[in-house]
Amino acid sequence: MIDEKHKTIWPRLLARLIDGVPFWILGLVLWRTTSSKTLVLLGVFLEFVYHVLMLPIAGQTFGKMLTGIQVKDNKTNNKLSFKQSIVREALFRVSEPQFLLKLLGLTVVFPKELYQSTLLKFSPIIWFVANYIFVLSNFKRRSFYDYLAGSVVEVEESMIVEQVAIPGPDSDREYDV
């Protein structure tokens, strides 16, 4: 049975969306208004740095704060080290190669046939689905990158609704408080 503190799938997705929107907007504005791929790369780099710095400093990003989850060291239950945060975020970014390549216009790096191959075209989707199947298959709901970084995502204790038994005619029933 999954512990309440590890029921984080939807909050994780929502937190990534919340955290990503400002950077996606920045990337789109830079992509549309400049011809400089360097500025677009800067936006991608800033998002990476944001995540890498927030986890060791605060234990969560603003999106994670809003969704009530935090990222911790799996063994010590403390905030992540900078090394863990870098590993976790870099491995998460592996899931976005096609998106980043298209965004940066780097299709010339690969032969056109390879770049347009079905596997490469769908690799972000394949990685995403495989990762969430993996998340659903373990009790702490850890992703590939959580395992490799030694991290775990948990619901903040203040957000967990405990169930208590209230004695009465139906004493076998539990109620949320």
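For the structure itself, look to the data block above.
Summary of the structure given here. All values reported here derive from a predicted model rather than from experimental measurement. Residue numbers restart at each chain and count upward from 1, following the sequence in its written direction. Owing to the predicted nature of the model, reporting of local features is limited to residues with pLDDT of at least 70; listing and counting of side-chain atom pairs is limited to 80 or more, with chain, interface and lining totals taken over all residues. Computation of side-chain values: all heavy atoms of the structure, hydrogens and water removed.

**Description of empty space enclosed by the protein**
Where empty space is left can be seen by rolling a probe of water-molecule size over the atoms.
Here is step 1 of the chain: In the cavity and pocket records, a cavity denotes points on a 1 Å grid over the protein atoms alone where a 1.4 Å probe fits but cannot get out, a pocket denotes an open set with protein on both sides within 12 Å along at least 5 of 7 lines, and lining residues are residues with an atom within 4 Å of a point. Grid points are joined across faces, edges and corners, and a volume is the space filled by probe spheres set on the points. Taken as a whole, this structure holds 1 cavity of 30 Å³ or more when the rule is applied.
Here is step 2 of the chain: Estimates place the volume of the largest cavity at around 60 Å³.
Here is step 3 of the chain: In terms of lining residues, the largest cavity is bounded by Arg12, Arg16, Lys64, Ile69, Arg88, Tyr132, Tyr145 and Val153.
Here is step 4 of the chain: Note on residue classes: Ala, Val, Leu, Ile, Met, Phe, Trp, Tyr, Cys and Pro are nonpolar, Asp, Glu, Lys and Arg are charged, and everything else, Gly too, is polar. Considered class by class, the residues forming the lining of the largest cavity number 4 nonpolar, no polar and 4 charged.

**Quick look at the environment of Ile86**
Here is step 1 of the chain: A run of H or I in DSSP counts as a helix once it spans at least four residues, and a run of E counts as a strand once it spans at least two, with each numbered from the N terminus. Locating Ile86 in the fold gives a position in helix H4 (residues 82-93).
Here is step 2 of the chain: Classification of Ile86 by relative accessible area gives partly exposed; the value is 41%.
Here is step 3 of the chain: Ile86 sits 30 residues away from Pro56 along the chain, and the two C-alpha atoms are 9.8 Å apart.
Here is step 4 of the chain: Residue contacts are counted whenever heavy atoms from the two residues lie within 4.5 Å of one another. Leave out the neighbours within four places in its chain, and Ile86 touches Phe48 and Val52. Relative accessible area decides the class of each residue, using a 1.4 Å probe on protein chains only: under 20% of the type maximum gives buried, over 50% gives exposed, and in between gives partly exposed.

**Concerning helix H1 (residues 9-33)**
Here is step 1 of the chain: Expected span of a helix, by definition, is 1.5 Å for each gap between consecutive residues, and there is one gap fewer than residues. When the terminal C-alpha atoms of H1 are compared, their 36 Å separation across 25 residues agrees well with the 36 Å that a helix rising 1.5 Å per residue should span.
Here is step 2 of the chain: The largest bend in H1 comes to about 40°, at Gly20, with the proline Pro22 one to four residues further on.
Here is step 3 of the chain: Those residues of H1 that fall on the buried side of the exposure criterion are Ile9, Pro11, Arg12, Ala15, Arg16, Asp19, Gly20, Phe23, Gly27 and Leu30. Bend at a given residue is defined as the angle between two axes, one fitted to the seven residues that end at that position and one fitted to the seven that begin there.

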